[in-house]
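What follows is the residue order along each chain.
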Amino acid sequence: KEFYCELPKGYTPAEKGDWVALVHLGLYGWPPSGRVAQLRLEDKLVQPKGDFTRVPSSPMMFKYYNGNDYIAAGFYVDDGKFITNNEKELRKRISKLAGFGFTGELKAKPKKFLGVENHYYDDGSVKIYQEAHIIKFATKMGLEQSQPQPTPLDVNFENIPDNDKPLDSQGK
């Protein structure tokens, strides 16, 4: 889609007439800007030499495999998170994105990302949780006095088949 806007105040075109400006890049805070940025990012990640493949179950989740190296990437509007077993490989992929004009700040092992908290253990495992978000939501909804109940969900990952194998190209 193409988007147009009025000319900025103070700008006078060289020729007289009624003029509008074609917007080339999404503007932060403008409703379609997030989607424009997502489409541009997806195009650069999965282009013929973009190296990543899109995860079929989520439009803004991507994966990259190169032998034993993997990178999982997830994005929400203009925020992204990469998970990898090879930081050098990740930095190469991020450098490639920077060549397309994408910029950002790389933080190793963030404690928080979009309301999700992360705790990193010495063995390489990561606890991902939303305790602060849940407490804030419960307080907002007046649920502070609620009594916790056990979940019926079996969280024993040993019952999930092939839990230690990476996803294939179909996300399975």
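Residues numbered from 1 in each chain as written. Predicted model: local features only at pLDDT ≥ 70, side-chain atom pairs only at ≥ 80, totals over all residues. Heavy atoms only, no water.

**Q** So what's going on with the overall build of the chain? Which residues, and what values?
**A** On a plain count of helices and strands, the chain comes out with three helices and nine strands. Listed N to C, the secondary structure of the chain is β-β-α-β-β-β-β-α-β-β-β-α in terms of helices and strands. Contacts in the chain between residues far apart in sequence, at least 24 positions, make up 25% of those at least 6 positions apart. For the chain, the accessible surface area stands at approximately 14200 Å², while carbon and sulfur atoms represent 55% of it. (Helix = DSSP H or I, 4+ residues; strand = E, 2+ residues; numbered from the N terminus. Contact = heavy atoms within 4.5 Å. Areas by Shrake-Rupley, 256 points an atom, 1.4 Å probe, with all protein chains shown as cover.)

**Q** Lay out the pairing of strand β5 (residues 69–76) with the relevant residues and their values.
**A** Of the pairings in the sheet, the one linking strand β4 (residues 61–66) to β5 comprises six bridges and is antiparallel in character. Looking at the pairing, K63 lines up with A72 of β5. Count of turn residues in the β4/β5 antiparallel hairpin: two residues, of which G67 carries a positive phi of about 65 degrees. As paired strands, β5 and strand β6 (residues 79–84) are joined by six bridges and run antiparallel to one another. Within β6, the position partnered with A73 by the bridge is F82. Linkage of β5 to β6, two consecutive antiparallel strands, is achieved through a turn of two residues, within which V77 is found at a positive phi near 55 degrees. (Pairing = 2+ DSSP bridges.)

**Q** Outline the side chain of E89, listing residues and values.
**A** Here E89 lies in helix α2 (residues 87–98). If sequence neighbours within four positions are ignored, E89 has contacts with Y64, N66, D69 and I71.

**Q** Talk me through the sheet that holds β6; I want residue IDs and the actual numbers.
**A** Strand order in the open sheet made by the four strands is β3-β4-β5-β6, with antiparallel pairing throughout. Strands at the two margins of the open sheet, each flanked by one partner only, are β3 (53–54) and β6. On the sheet, α2 packs against β4, β5 and β6 and is oriented at approximately 150 degrees with respect to β6. (Axes fitted to C-alpha atoms, helices over the stretch in contact; angles between N-to-C directions.)

**Q** Would you mind going over the nonpolar core in detail, with residue names and values included?
**A** By size, the foremost hydrophobic cluster in this structure holds eleven residues: L41, L45, F52, M60, F62, Y64, I71, A73, F75, L90 and L97. Going through the elements one at a time, α1 (33–46), β4, β5 and α2 are the ones with two or more residues in this core. Among the elements that make up this core, the one with the highest residue count is β5 (three residues). Filtering out sequence-adjacent residues up to four positions away, F52 remains in contact with L45, V46, F62, K63, Y64, I71, A73 and R93. (Core = buried A, V, L, I, M, F, W, Y, C linked by side-chain atoms within 4.5 Å. Buried < 20%, exposed > 50% of the residue type's maximum accessible area, 1.4 Å probe, protein only.)

**Q** Could you give an account of the packing of aromatic side chains, with specific residues and numbers?
**A** What characterises a pair of aromatic rings is the spacing of the ring centres plus the angle enclosed by the ring planes. Applying the stated criterion to the full structure yields three aromatic pairs. Ring centres of F52 and Y64 lie 5.6 Å apart, and the angle between their planes is 45 degrees; on these two criteria the pair is classed as tilted. Of the two residues, F52 sits in the loop between α1 and β3 while Y64 sits in strand β4, which places them twelve residues apart along the sequence. We note that F52, like Y64, is buried. One aromatic cluster is present, built from ring pairs that chain together F62, F75 and F82. Between the NZ or CZ atom of R40 and the centre of the ring of F102, over which it lies, the distance is 4.5 Å. Directly above the ring of Y129 sits K127, whose terminal nitrogen or CZ lies 4.7 Å from the centroid. (Phe/Tyr/Trp six-rings, centres within 6.5 Å; stacked < 30°, edge-to-face > 60°. Lys NZ or Arg CZ within 6 Å of the ring centre and 35° of its normal.)

**Q** Give a description of the pattern of salt bridges that names residues and reports values.
**A** All chains considered together, the criterion is met by seven salt bridges. Residue R91 pairs with E87 through a salt bridge whose shortest N-O separation is 2.9 Å. Of the two residues, R91 and E87 both sit in helix α2, four residues apart, roughly one turn of that helix. We classify R91 as partly exposed; its relative accessible area is 45%. For E87, a relative accessible area of 45% gives the class partly exposed. E89 is the partner of R93 in a salt bridge, and the nearest nitrogen-oxygen pair spans 2.6 Å. Within this pair, R93 and its partner E89 are both found in helix α2, separated by four residues, close to a single helical turn. Like E89, R93 is buried. Each of D51, E89, K92, R93 and K96 takes part in a single network of salt bridges with overlapping partners. (Salt bridge = Lys/Arg side-chain N within 4 Å of Asp/Glu carboxyl O.)

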